[in-house]
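What follows is the residue order along each chain.
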Number of protein chains: 4
Amino acid sequence: MADLFHSSKPIYEQIAELIKKQIIRGELHAGDKLPSVREMAIEVNVNPNTVQRTYRELESMEIARSKRGQGTFVTEDTEVLAAIREEMKAEILQNFTQQMYEMGYSKEEIKRGLADFLKERED
Amino acid sequence: MADLFHSSKPIYEQIAELIKKQIIRGELHAGDKLPSVREMAIEVNVNPNTVQRTYRELESMEIARSKRGQGTFVTEDTEVLAAIREEMKAEILQNFTQQMYEMGYSKEEIKRGLADFLKERED
Amino acid sequence: MADLFHSSKPIYEQIAELIKKQIIRGELHAGDKLPSVREMAIEVNVNPNTVQRTYRELESMEIARSKRGQGTFVTEDTEVLAAIREEMKAEILQNFTQQMYEMGYSKEEIKRGLADFLKERED
Amino acid sequence: MADLFHSSKPIYEQIAELIKKQIIRGELHAGDKLPSVREMAIEVNVNPNTVQRTYRELESMEIARSKRGQGTFVTEDTEVLAAIREEMKAEILQNFTQQMYEMGYSKEEIKRGLADFLKERED
DNA sequence: GTGGTCTAGACCACG
DNA sequence: GTGGTCTAGACCACC
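Conventions and cut-offs
Residues numbered from 1 in each chain as written. Chains lettered and ligands numbered in written order. Predicted model: local features only at pLDDT ≥ 70, side-chain atom pairs only at ≥ 80, totals over all residues. Heavy atoms only, no water. Near = heavy atom within 4 Å. Polar contact = N/O pair within 3.5 Å; in protein donor to acceptor, adjacent residues only side chain to side chain. Helix = DSSP H or I, 4+ residues; strand = E, 2+ residues; numbered from the N terminus. Nonpolar A, V, L, I, M, F, W, Y, C, P; charged D, E, K, R; others polar. Expected span 1.5 Å × (residues − 1). Buried < 20%, exposed > 50% of the residue type's maximum accessible area, 1.4 Å probe, protein only. Arc of directions from axis to C-beta. Contact = heavy atoms within 4.5 Å. Least-squares fit on C-alpha atoms with pLDDT ≥ 70 in both. Salt bridge = Lys/Arg side-chain N within 4 Å of Asp/Glu carboxyl O. Buried area = accessible area lost by both parts, 1.4 Å probe.

Under the annotation held in an unreviewed UniProt entry, chain A carries the name HTH-type transcriptional regulator YhcF and is attributed to Oceanobacillus indicireducens.

Pasting the structure below:
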């Protein structure tokens, strides 16, 4: 299997983002069991310790909960889950607009730039 | 002076982006002299080695050129400078749209999300 | 039923402590029958294996004894039972004072700290 | 060197508590540099990764801050540092009194028990 | 030299 | 079989 990950960010973070996006897209729901550390490690072709670290990270964000001997589960707290979507969206937008501002674009130019970009990519 | 930089990216890259954005915004022009390594180090409050690394990076991208005993200068090659703007813009847009797609948004939702975001921030 | 247990200590130990405290408080007496493994498992909402482990632990401390086909019983040996109280108390006190010493408190400060704490909690 | 650690708690947590207690006792101050990961690893006779984990943990509690290429430092935020002392004390007291209550002791008995215990240990 | 990530592999506690 | 800890050792990025 080819490498799924960029070298610019830690792999464990990229796996965490993968999972967060699955939750956001509704592919994972509150209370769902995540793949076991070992399964996930095979699936994404990394060392189990790396996945372990991802799960620990998700746990500290209260997105997941590990139960000894049972597995790791998406939190039951739907408020947290709802918040993730908005946080992530806001962060991406904030990041994007700030970079465009720093390049000297105005709001209108940013909107136009995006529209043009999306049009080019139409297929 | 407080820390200007995120810990997620190497500082030398963040400085390079700072300089590239100054060029793009027209605050730095072809042939302009960059601050000396030491000056820049003091200005942004980092180790001179870090600035050295930034300048090396800019040279390898052909954005800057160092002249022995004189300093480091923005390239005279205006084509390169013109290209930077478009490359950077395309990269930012590509990055942004991909992330939004991965969250499950459609083109229309992305545009609307951006418009809403920019409206909220109005002041 | 909600989780009764901390994740910091093994659940089987926490259950053992529960039972020891029931004995100490006089809610369980020498020779009393403990709930069956299954009953207890349901009562505290854990896996029967975990309760099994607790009972094994209590047996090895000679606090309980299992009789084949009949169940698990609090030991008849009242000396053992009497000893538990003092052991447990000494351990808790030892543990507490050591931690306070390590924080740099003197004996007097420990006593005062306790008195203040108990006063605050008055209701 | 003999082992400094109990097996009941993770070593990385025990190291964290060691450091927190040094701060509380005033042996470490705001802004002080902690030993490097490798130094500390030798000092307490564990693997550098274990110390790394401790420092990461302290960082997530905002007690320490790691700076790339420079080392790990006690936070400058004296409010956080002041809070640690009180939190830790409250946690120890809470823990202690709850255990004594569960054994069936009254407030007065707890205070007397402590006083007796401290007296026995006088030397 | 400093912290940070990752792998490989072992061992343990829990269910 | 599940997660959790720890070691050993390598490699990288940064200063």
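Anyway, onward from the coordinates.
Student: I'd like a rundown of the protein's contact with DNA strand E, residues and numbers included.
Tutor: The environment of DNA strand E is formed by 25 residues, the closest being Ile 11, Asn 49 and Thr 50 of chain A together with Pro 10 and Tyr 12 of chain C. Backbone atoms, meaning sugar and phosphate, form 66% of the atoms of DNA strand E found within 4 Å of the protein. Between DNA strand E and the protein, one listed contact pairs a phosphate oxygen with a backbone N or O atom of Asn 47 of chain A at 3.0 Å. Contact between DNA strand E and Thr 50 of chain A: a phosphate oxygen at 2.5 Å from a side-chain N or O atom of the residue. Those elements that provide at least two residues to the surface near DNA strand E are α1 (11-24) and α3 (48-60) of chain A, α1 (11-24) of chain C together with α2 (37-44), α3 (48-60) and β2 (71-74) of chain D. For the surface near DNA strand E, the per-class residue count stands at 8 nonpolar, 13 polar and 4 charged.

Student: Which residues make up helix α3 (residues 48-60) of chain B, and what are the values?
Tutor: Residues and elements named next belong to chain B. With 13 residues, α3 should reach 18 Å at 1.5 Å per residue; the first-to-last C-alpha distance of 18 Å fits that figure. All of the buried residues in α3 are Val 51, Thr 54, Tyr 55 and Leu 58. The buried residues of α3 occupy one face: seen down the axis, they fall within an arc of 95 degrees. Opposite the buried face of α3, at more than 90 degrees from it, the exposed residues are Asn 49 and Ser 60. Buried positions along α3 lie against α1 (11-24), α2 (37-44), β1 (64-67) and β2 (71-74). Within two residues after α3, Glu 62 carries a phi angle of roughly 65 degrees, on the positive side.

Student: How would you sum up the protein's contact with DNA strand F? Please name residues and give values.
Tutor: As a structural note, the neighbourhood of DNA strand F is formed by 25 residues, with Pro 10 and Tyr 12 of chain B together with Ile 11, Asn 49 and Thr 50 of chain D the closest of them. Among the atoms of DNA strand F close to the protein, meaning within 4 Å, 68% are from sugar or phosphate groups. A distance of 3.4 Å separates a base nitrogen of DNA strand F from a polar side-chain atom of Asn 49 of chain A. Listed by contribution, the elements that provide at least two residues to the surface near DNA strand F are α2 (37-44), α3 and β2 (71-74) of chain A, α1 and α3 of chain B together with α1 (11-24) and α3 of chain D. Element by element, the count of residues in the surface near DNA strand F is highest for α3 of chain D, at 3 residues. Classifying every residue of the surface near DNA strand F gives 8 nonpolar, 13 polar and 4 charged.

Student: Account for the side chain of Thr 54 of chain A, naming residues and giving values.
Tutor: Residues and elements named next belong to chain A. Tracing the sequence through the fold places Thr 54 in helix α3. For Thr 54, a relative accessible area of 0% translates into the label buried. With residues near it in sequence (within four places) discarded, Thr 54 still touches Tyr 12, Ile 15, Ala 16 and Ile 19.

Student: If you had to explain the environment of Gln 94 of chain D to someone new, which residues and values would you point to?
Tutor: Structurally, Gln 94 of chain D can be placed in helix α4 (residues 78-102). Gln 94 of chain D has contacts with Phe 117 and Arg 121 of chain C, leaving out every residue within four places of it along the chain.

Student: Tell me about the relation of the copies chain B and chain A, and please be specific about residues and values.
Tutor: Once chain B has been moved 0.2 Å along the axis and rotated by 179 degrees, it coincides with chain A to within an RMSD of 0.3 Å. Classification of the inter-copy transformation places it as that of a two-fold axis. Closest to the rotation axis within chain B is the C-alpha of Phe 96 of chain B, separated from it by 3.1 Å.

Student: Could you give an account of the pattern of salt bridges, with specific residues and numbers?
Tutor: Applying the stated criterion across every chain, the model contains 18 salt bridges over all chains. Between Glu 102 of chain A and Lys 21 of chain B there is a salt bridge, and its shortest N-O distance comes to 2.6 Å. Here the residue Glu 102 of chain A occupies a position in helix α4 (residues 78-102), and Lys 21 of chain B occupies one in helix α1, the pair thus bridging two chains. On the basis of relative accessibility, which here comes to 28%, the residue Glu 102 of chain A falls in the partly exposed class.

Student: Explain the interface of chain B and chain A to me, using residue names and the numbers behind them.
Tutor: Contact residues are listed per partner, giving 29 residues for chain B and 29 residues for chain A. Contact between chain B and chain A buries roughly 3100 Å² in total, counting both sides, with carbon and sulfur atoms accounting for 69%. It is Ile 92, Met 103 and Leu 118 of chain B in chain B that bury the most area against chain A; as a group they hold 21% of the surface buried on that side. Here chain B and chain A share 2 salt bridges between them. At the junction of chain B and chain A, the tally comes to 8 residue pairs in polar contact (both at pLDDT 80 or more). Mapped by element, the contributors of at least two residues to the side of chain B that touches chain A are α1, α4 (78-102) and α5 (107-120) of chain B.

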